[in-house]
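# Coordinates in review
Listed here are the chains, written in short residue letters.
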Amino acid sequence: MGLELYLDLLSQPCRSIYIFARSNNIPFEFKHVELFKDSVLGKKPAAGSGAEQPRAGPSNSEGAGKVSLLKKVPALKDGDFTLAECTAILLYLSRKYNTPDHWYPSDIQKRAQVDEYLSWHHANIRANAPKTMWIKVLIPLFTGQPLPSEKLQEVMEGLSTSLKQFEERFLQDKAFIIGSEISLADLVAIVELMQPVGVGCDIFEDRPRLREWRRRVEDAVGKELFFQAHEMILNIKELSNIQIDPQLKEQLAPVLMKMLK
């Protein structure tokens, strides 16, 4: 049995794993899991050539639940071995497939820098960037009413603080977070920062250092792959026209409203 990756490219962690596996020519079977089911997403990414590409077809949500005891994506199945959590999966793939050293350096200090960023990321960039999508698209979609503009402003202020720290502490005047080559830290960071872009909050526009870093990351993984992985998030506004299953709306609307209180 070959490697199976259970992913939904609407998810930032899933995109990082997808880009990492594809850019390193790791063979895997793409198991498409729809976080919000057909009634919300409405469409699937266009199918490409080869087993690694996203493809139309039934959702693998039930399969993902069996693979991951946490019942969430991303999830990995490699023969009888299963694994959840983005960082754990990225490290597993880098070690098993002996990917180029720059992704997760053997140098103990450079590796520690990657670990440092990955630890900082969750309480800072990840704590703010995804909320833009919930505020501008998903919560209004499920509740039928927009959130006050103050909510978005509050999130953007928190994100701005995190981006300032990201530039000054981690990026500085380097090409990438740990130096002259891309690492897992850059990949985890960029997929998160594309969430605001997808809903019209271009955080790169007035930040030339951040904008140039993004360009270098795109070049490092390949622009075609980068934009294929982000096709769904860059078209996320199309969800506003989707008819949602009333039962699903009734179940999720109260939960979503609590998320930003």
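Model, not experiment: these values are computed from the prediction.

Let us look at the side chain of Asn 124. Mapped onto the elements of the fold, Asn 124 is located in the loop between helix H5 (108-123) and helix H6 (125-128). Residue classification places Asn 124 among the buried positions, given a relative accessible area of 16%. A distance of 2.7 Å separates a polar atom in the side chain of Asn 124 from the backbone oxygen of Trp 120.

Take unusual backbone geometry next. Even without being glycine, Asn 98 reaches a positive phi, approximately 45°. Using a relative accessible area of 67% as the deciding quantity, one classes Asn 98 as exposed.

In terms of nonpolar packing, the biggest core is built from 59 residues, with Tyr 117, Phe 166, Phe 204 and Trp 213 touching the most fellow members. It is helix H9 (residues 184-198) that provides the largest number of residues to this core, a total of ten residues. Structurally, this core is a two-domain feature, drawing no fewer than three residues from each of domain 1 (1-43 + 53-98) and domain 2 (104-258). Filtering out sequence-adjacent residues up to four positions away, Phe 166 remains in contact with Tyr 117, Trp 120, Leu 171, Ile 177, Ala 189, Leu 210 and Trp 213.

Pairing between the strands of a sheet is mediated by backbone hydrogen bonds and can be parallel or antiparallel. The four strands lie next to each other as S2-S1-S3-S4, forming an open sheet whose pairing is mixed. Looking at strand neighbours, the two that pair on one side only are strand S2 (29-32) and strand S4 (81-84), the edges of this open sheet. Strand after strand, the sheet turns through a mean of 20° between neighbouring axes, direction not considered. Here strand S3 (residues 75-78) pairs with S4 via four bridges, running antiparallel. Looking at S4, one finds that Leu 76 is bridged to Leu 83. Together, strand S1 (3-7) and S2 form the strand contacts of helix H1 (residues 12-23), whose direction differs from that of S1 by roughly 145°. Relative to S4, helix H4 (residues 86-96) is tilted by about 135°, and along the sheet it contacts S1, S3 and S4.

Let's shift gears to the environment of Val 191. With respect to the secondary-structure elements, Val 191 resides in helix H9. When sequence neighbours within four positions are dropped, the list of residues in contact with Val 191 reads Gln 12, Arg 15, Ser 16, Ile 19 and His 230.

Bringing H9 into the picture now. Relative to the 21 Å expected for 15 residues at 1.5 Å per residue, H9 spans 22 Å between its end C-alpha atoms, a close match to the ideal helical length. Across the 15 residues that make up H9, a large majority, 15, are buried.

In this section: the confidence of the model for the protein. Of the residues in the protein, 80% have a pLDDT of 70 or more, and the chain-wide mean is 84. Every residue in residues 38-59 is under pLDDT 50, and counting partners more than four places away or in other chains gives 60 contacts.

With that out of the way, let us pick up the packing of aromatic side chains. To describe a pair of aromatic rings, one takes the distance between the centres and the angle between the planes. Taken as a whole, this structure holds ten aromatic pairs when the rule is applied. The interplanar angle of 50° and the centroid separation of 4.8 Å between the aromatic rings of Trp 120 and Phe 170 together place this pair among those described as tilted. Residue Trp 120 is located in helix H5, and its partner Phe 170 is located in helix H8 (residues 149-171); the two are separated by 50 residues in the primary sequence. Considered together, Trp 120 and Phe 170 belong to a single accessibility category, that of buried residues. Feature note: the residues Tyr 117, Trp 120, Phe 166, Phe 170 and Trp 213 constitute an aromatic cluster, connected by ring pairs. Here the guanidinium or amino end of Arg 169 rests over the ring plane of Phe 170, the centre of that ring lying 5.3 Å away.

The next point concerns the side chain of His 102. You can see His 102 is positioned in the loop between H4 and H5. Residue class for His 102 comes out buried when judged on its relative accessible area of 19%. Side-chain polar atoms of His 102 contact the backbone oxygen of Ile 182, separated by 2.7 Å. Those residues in contact with His 102 that sit more than four places away from it in its chain are Ile 178, Glu 181, Ile 182 and Ser 183.

Turning our eyes to something else, we now look at empty space enclosed by the protein. Applying the stated criterion to the full structure yields one cavity of 30 Å³ or more. Taken as a whole, the largest cavity encloses approximately 40 Å³ of empty space. Lining the largest cavity we find Gln 113, Glu 116, Arg 169, Phe 170, Gln 172, Lys 174 and Ile 177. When residues of the lining of the largest cavity are traced back to their parent elements, those giving at least two are H5 and H8. Across the lining of the largest cavity, the residue classes tally to two nonpolar, two polar and three charged.

Let us now look at the environment of Trp 213. Inspection of the secondary structure assignment puts Trp 213 in helix H10 (residues 208-221). With 42 residues separating them in the primary sequence, Trp 213 and Leu 171 have C-alpha atoms 8.3 Å apart.

Cut-offs applied
The residue count restarts for each chain, going from 1 along the sequence in the order it is written. With pLDDT at 70 or above as the cut-off, local features in this predicted model cover only qualifying residues; side-chain atom pairs require 80 or more to be listed or tallied, and sums for whole chains, interfaces and linings still use all residues. No hydrogens and no water enter the side-chain calculation; it runs on all heavy atoms of the structure. Only DSSP runs of H or I reaching four residues or more are called helices, and only runs of E reaching two or more are called strands; each is numbered from the N terminus. Only protein chains enter the accessibility calculation, which uses a 1.4 Å probe. A residue is then buried if its area is under 20% of the maximum for its type, exposed if over 50%, and partly exposed in between. The definition of a polar contact used here is a pair of N or O atoms within 3.5 Å, where within protein one atom must be able to donate a hydrogen and the other to accept one, and adjacent residues in sequence count solely through side-chain atom pairs. Among buried residues, the Ala, Val, Leu, Ile, Met, Phe, Trp, Tyr and Cys ones that are joined through side-chain atoms within 4.5 Å form a nonpolar core. For the domains described, the bounds stem from an automatic or database domain assignment. Any two residues whose heavy atoms approach within 4.5 Å at even a single point are treated as in contact. Following DSSP output, two strands are said to pair if at least two bridges run between them. For helices, the fitted line uses only the C-alpha atoms of the stretch in contact; every axis is such a line through C-alpha atoms, and the angle between N-to-C directions lies from 0 to 180 degrees. Every helix has an expected span of 1.5 Å times one less than the residues it contains. Note: pLDDT gives the predictor's confidence per residue, expressed from 0 to 100. Note on ring pairs: Phe, Tyr and Trp rings are taken, using the six-membered ring of Trp, and paired if centres are within 6.5 Å. Classes follow the plane angle, with under 30 degrees stacked, over 60 edge-to-face and the rest tilted. The criterion for a charge sitting over a ring is simple: Lys NZ or Arg CZ within 6 Å of the ring centre, and within 35 degrees of the ring normal. Residues are called lining when one of their atoms sits within 4 Å of a cavity or pocket point, these points coming from a 1 Å grid over the protein atoms alone, where a cavity is a set in which a 1.4 Å probe fits but cannot get out and a pocket is an open set with protein on both sides within 12 Å along at least five of seven lines. Grid points are joined across faces, edges and corners, and a volume is the space filled by probe spheres set on the points. Side-chain classes follow a simple rule in which Ala, Val, Leu, Ile, Met, Phe, Trp, Tyr, Cys and Pro form the nonpolar group, Asp, Glu, Lys and Arg form the charged group, and the remainder, Gly included, forms the polar group.

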